Amino acid sequence: MPQPLWLRIEGARQNNLKNISLALPHDRVTVITGVSGSGKSSLAFDTLFAEGQWRYIESLSTYARMFLERVDRPDVDRIEQIRPSIAIEQKNPVRTARSTVGTATEIYDYLRLLFAKIGRVHCPQCGAEGGSDTAETVVDTLLREHPAQRALLAFPLAVPPGARTGGAGTTEFLASLLQRGFARVKVGGRVLDLSPPPDVDLSEAREILVVLDRVILAPEQRGRLSDSMEMAFREGGGRVEVEVLGGEPRVFAQQFRCPKCNLTLARPQPLLFSFNHPLGACPDCKGFGNILRYDEARLVPDPSKSLADGAVEPWSHPSGRWYQKELLKAAKRRGLDVSRPYADLTDADKQWLREGERHFSGIRGFFEEVETYRYKLHVRVFLSRYRSQFPCPRCSGARLKAEALAVKVGGLTIAECTALTVEELARFLRGLGLRAWEEAVAREILKQLHAKLGFLLRVGLSYLTLSRQTRTLSGGEAQRINLANQLGSQLVGTLYVLDEPSIGLHARDTARLAELCRELAYAGNTVVVVEHDRTFMDAADYLVELGPGSGERGGEVVFAGSRAEFLKDARSLTARYLTGQESIP
Ligand SMILES: [Zn+2]
Ligand SMILES: [Zn+2]
């Protein structure tokens with residue numbers, strides 16, 4: 001194994017660090033340990049990470065720098081051989097409901113691609129599965145139904161108006177095809193050689209068929225057949241004609257159709273599955289999956305109260321006094337006993353109270369009026385008190401349009417896929433049972449999906465669903481997602497600084513995480529981990545202990561060296577603990 005290069009720090013004085021100098025190996029895992037307050041974060045984050053960031057930002061143009069946060073340079077004499085740094089902290093900075101585990105890991109982007117490429121579209125009218133031809137399905141069909149027969153492959157081409165006039169226009173058009181390498185065309189069912197340009201009347205022809213290839217339908221020709229078919233679909237705008245010699249020509253089209261109603265169905269684009277894009281988002285909830293609705297439990301918090309006693313909470317405030325009076329008048333007209341508890345009202349009366357009538361605007365009318373003052377902050381605060389999140393009735397919380405939810409892979413919609421846990425989804429994708437062409441088209445996408453799901457499994461997040469909102473994750477979970485993304489990005493020459501990644505993990509998962517850190521380091525990165533966990537220290541190549549005490553009594557290097565040296569070192573409290581001589585107080 002080649003000897004590592006070293007990152008050298010001289011005279012670090014950030015926070016409580018006592019002018020310390022030390023060197024850390026690149027391409028290895030270094031664990032910085034020590035009692036709480038001994039200066040671990042001051043060294044790892046406030047010195048190493050900060051300097052790595054500062055140098056990186058300095059290397060950018062003035063323009064690019066305007067978009068980045070200003071970073072203060074740490075208090076240190078010299079740092080040599082530092083790499084651009086990335087901090088992986090125990091923090092969850094995400095606040096938006098638009099980010100999910102799926103989008104944050106890009107797994108959702110690959111799922112969208114998978115659904116666009118091989119998703120089976122279902123008819124919105126009858127629910128039947130739509131069908132379409134692709135180069136691969138056509139080749140499958142031909143090889144199966146016409147084995148060893150000869151066939152002509154042709155694509156339709158529009159005849160430009162200038163070529164329909166006869167004479168030079170027609171000759172020029174046909175010569176241009178010859179120039180592009182085509183040897184024959186089919187006009188009115190007849191195959192014509194293009195060399196020399198034939199004398200043919202195109203005045204009535206909207207399109208002609210250009211012969212692309214003559215092939216034998218044999219399995220060993222599959223590669224060539226697929227290539228020609230791809231090209232024919234491309235040149236023919238999604239249509240090809242195949243004439244098996246001695247048979248009727250067959251037309252294949254890439255466009256999706258319902259086999260029952262013959263309705264043209266849209267071939268989905270990846271964006272159709274994006275709940276963060278108007279093309280895919282459910283129009284009612286705008287892709288959030290929830291809608292804010294007036295909540296009966298908040299409007300009438302105490303159903304044992306009567307209408308006369310102010311059961312309708314917003315009307316018990318001074319601003320609602322006029323409405324309360326209107327309510328009592330309208331109830332009298334209706335013959336409704338306003339002294340009965342709200343809970344005892346009939347559904348029809350409750351509906352009347354909510355929706356109003358000709359001379360009484362009801363709770364709905366009240367809010368409609370108040371909402372016209374939404375631009376005032378206190379009005380928005382007032383309104384928010386009476387509304388709660390409810391699953392969107394149109395998409396049932398799936399966030400997507402009906403068209404997107406009519407597309408399935410392996411029998412599931414994309415929303416159903418994201419409701420699976422990482423572990424379940426990985427298993428589901430392995431057992432898809434794809435057709436040959438689907439397999440070919442999806443191979444690369446599935447490879448990426450398995451790699452990304454694999455990273456999540458390895459950082460111990462097998463239990464998360466992809467639809468889980470990122471903002472609801474714990475700091476440790478967010479950190480491990482970040483780590484999984486870094487593993488997936490395959491960067492090299494980077495300094496990673498991690499903050500106690502073992503927090504909240506079982507011993508088995510900690511061991512896996514430590515193993516991942518080693519992988520990251522040995523792939524050509526510098527990994528520095530602030531950690532007390534024994535499993536992690538066991539996995540370290542190099543250890544630094546700061547101390548001896550905390551605050552002003554800390555900030556010195558108690559030990560810095562390889563793990564083997566560390567265990568022999570009698571000064572280190574942590575080493576005595578690791579070798580079982582002492583337990584940490
Ligand atoms: Zn249909
Ligand atoms: Zn919705």
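Thresholds, definitions, all that
Residues numbered from 1 in each chain as written. Chains lettered and ligands numbered in written order. Predicted model: local features only at pLDDT ≥ 70, side-chain atom pairs only at ≥ 80, totals over all residues. Heavy atoms only, no water. Helix = DSSP H or I, 4+ residues; strand = E, 2+ residues; numbered from the N terminus. Rg over C-alpha atoms; globule rule 2.2 N^0.38 Å. Buried < 20%, exposed > 50% of the residue type's maximum accessible area, 1.4 Å probe, protein only. Contact = heavy atoms within 4.5 Å. Lys, Arg positive; Asp, Glu negative; His and termini not counted. Charge placed at Lys NZ, Arg CZ, Asp CG, Glu CD. Donors = N, O, S within 2.8 Å, 3.2 Å for Na, K, Ca; no water. Tetrahedral: all angles 85-135°; square planar, octahedral: opposite > 155°, others 65-115°. pLDDT = per-residue confidence, 0-100. Domains from an automatic or database assignment. Phe/Tyr/Trp six-rings, centres within 6.5 Å; stacked < 30°, edge-to-face > 60°. Lys NZ or Arg CZ within 6 Å of the ring centre and 35° of its normal. Patch = residues over 30% accessible without salt bridge, like charges linked within 9 Å, V, L, I, M, F, W, Y side chains within 5 Å. Areas by Shrake-Rupley, 256 points an atom, 1.4 Å probe, with all protein chains shown as cover. Salt bridge = Lys/Arg side-chain N within 4 Å of Asp/Glu carboxyl O. Pairing = 2+ DSSP bridges. Axes fitted to C-alpha atoms, helices over the stretch in contact; angles between N-to-C directions.

Caption draft 1: View of the overall build of the chain. Within the chain, the secondary structure is distributed over 21 helices and 21 strands. Here the C-alpha radius of gyration of the chain, 35 Å, is well above what a compact globule of 585 residues would show, namely 25 Å. Residues classed as buried in the chain amount to 47% of the 585 residues present. Sequence separation of 24 or more characterises 69% of the internal contacts of the chain that already satisfy a separation of 6 or more. Distance from the positive charge centre (77 side chains) to the negative charge centre (71 side chains) of the chain: 3 Å.

Caption draft 2: Expanded view of the coordination of the zinc ion (ligand 2). Looking at the zinc ion (ligand 2), one finds its protein donor set to be Cys282 (SG), Cys285 (SG), Cys392 (SG) and Cys395 (SG), positioned 2.3 Å from the metal centre. Here the zinc ion (ligand 2) binds 4 donor atoms, and the angle range of 105 to 114 degrees at the metal identifies the geometry as tetrahedral. The sequence pattern describing where the donors of the zinc ion (ligand 2) fall on their chain is C-x2-C-x106-C-x2-C. Of the two residues, cysteine 282 is situated in the loop between β14 (264–265) and β15 (290–294) and cysteine 392 in the loop between β16 (387–391) and α13 (402–405); the sequence distance between them amounts to 110 residues. Like cysteine 282, the residue cysteine 392 is buried in the burial classification.

Caption draft 3: Just the confidence of the model for the chain, in detail. Confidence along the chain averages 89 in pLDDT terms, with 97% of residues attaining 70 or more. For the chain, helix α21 (residues 573–578) is the element with the lowest average pLDDT, namely 64, and helix α15 (residues 422–430) is the one with the highest, namely 97.

Caption draft 4: Structural context of the domain arrangement of the chain. Domain annotation of the chain identifies domain 1 (6–92 + 474–578), domain 2 (135–254) and domain 3 (290–391). Taking only C-alpha atoms, the centre of domain 1 and the centre of domain 2 are 65 Å apart.

Caption draft 5: Seen up close, the packing of aromatic side chains. Scanning the model with the defined rule gives 16 aromatic pairs in all. A ring pair is formed by phenylalanine 366 and phenylalanine 382, whose centres lie 6.3 Å apart and whose planes are at 80 degrees; its orientation type is edge-to-face. Taken together, the residues span a long stretch of sequence, with phenylalanine 366 in helix α11 (residues 362–371) and phenylalanine 382 in helix α12 (residues 377–384) at a distance of 16 residues. Judged on exposure class, the residue phenylalanine 366 and its partner phenylalanine 382 are both buried. An aromatic cluster is defined as three or more aromatic residues linked by ring pairs; in this entry it consists of Tyr294, Trp315, Trp322, Tyr323, Trp352, Phe360, Phe366, Phe367, Phe382 and Tyr386. Taking the ring centre of tryptophan 54 as reference, the NZ or CZ of arginine 73 above it sits at 3.8 Å. Above the ring of phenylalanine 390, the side-chain terminus of arginine 293 is found at 4.3 Å from the ring centroid.

Caption draft 6: Spotlight on a nonpolar patch on the surface. Where nonpolar side chains cluster on the molecular surface, the patch consists of Tyr63, Met66, Phe67 and Leu68 and spans about 490 Å² of accessible area. Owing to a relative accessible area of 59%, methionine 66 belongs among the exposed residues under this scheme.

Caption draft 7: Region of interest: unusual backbone geometry. Along the chain, serine 195 connects to proline 196 via a cis peptide bond; the corresponding omega equals -5 degrees. Residue proline 548 is bonded to the preceding glycine 547 through a cis peptide linkage, with omega at -5 degrees. Note that proline 548 resides in the loop between β20 (542–547) and β21 (556–562). Residue lysine 286 is not a glycine yet carries a positive backbone phi of 55 degrees. Here lysine 286 is to be found in the loop between β14 and β15. Looking at lysine 286, the relative accessible area reads 52%, which means it is exposed.

Caption draft 8: Representation of the pairing of strand β11 (residues 239–244) in the model. The buried fraction of β11 amounts to 5 of the 6 residues, a majority that puts the element mostly inside the structure. By the bridge criterion, 4 bridges tie strand β7 (residues 150–158) to β11 in an arrangement that is antiparallel. What sits directly across from alanine 154, in β11, is glutamate 241. Inspection of the sheet shows β11 paired to strand β12 (residues 249–253) by 5 bridges, in the antiparallel sense. If you follow valine 240 over to β12, its bridge partner there is phenylalanine 252. In this antiparallel pair of consecutive strands, β11 and β12, the connection spans 4 residues, and glycine 246 shows a positive phi of 90 degrees.

Caption draft 9: Examining the sheet that holds strand β1 (residues 6–12) more closely. The 3 strands lie next to each other as β2-β1-β4, forming an open sheet whose pairing is antiparallel. This sheet does not close on itself; its edge strands, each paired only once, are β2 (20–25) and β4 (76–80). Geometrically, the sheet is characterised by an average inter-axis angle of 10 degrees between neighbouring strands, direction not taken into account. Helix α1 (residues 40–58) contacts β1, β2 and β4 of the sheet and is inclined by roughly 110 degrees relative to β1.

Caption draft 10: Local environment of the pattern of salt bridges. Inspection of the entire model under this criterion finds 35 salt bridges. A salt bridge links arginine 13 to aspartate 77; the nearest nitrogen and oxygen atoms lie 3.0 Å apart. One end of the pair, arginine 13, is in the loop between β1 and β2; the other, aspartate 77, is in strand β4, and 64 residues separate them in sequence. The exposure class assigned to arginine 13 is partly exposed, which follows from its relative accessible area of 30%. A salt bridge links arginine 468 to glutamate 477; its shortest N-O distance comes to 3.8 Å. In this structure arginine 468 comes out as partly exposed when scored by relative accessible area, which is 28%.

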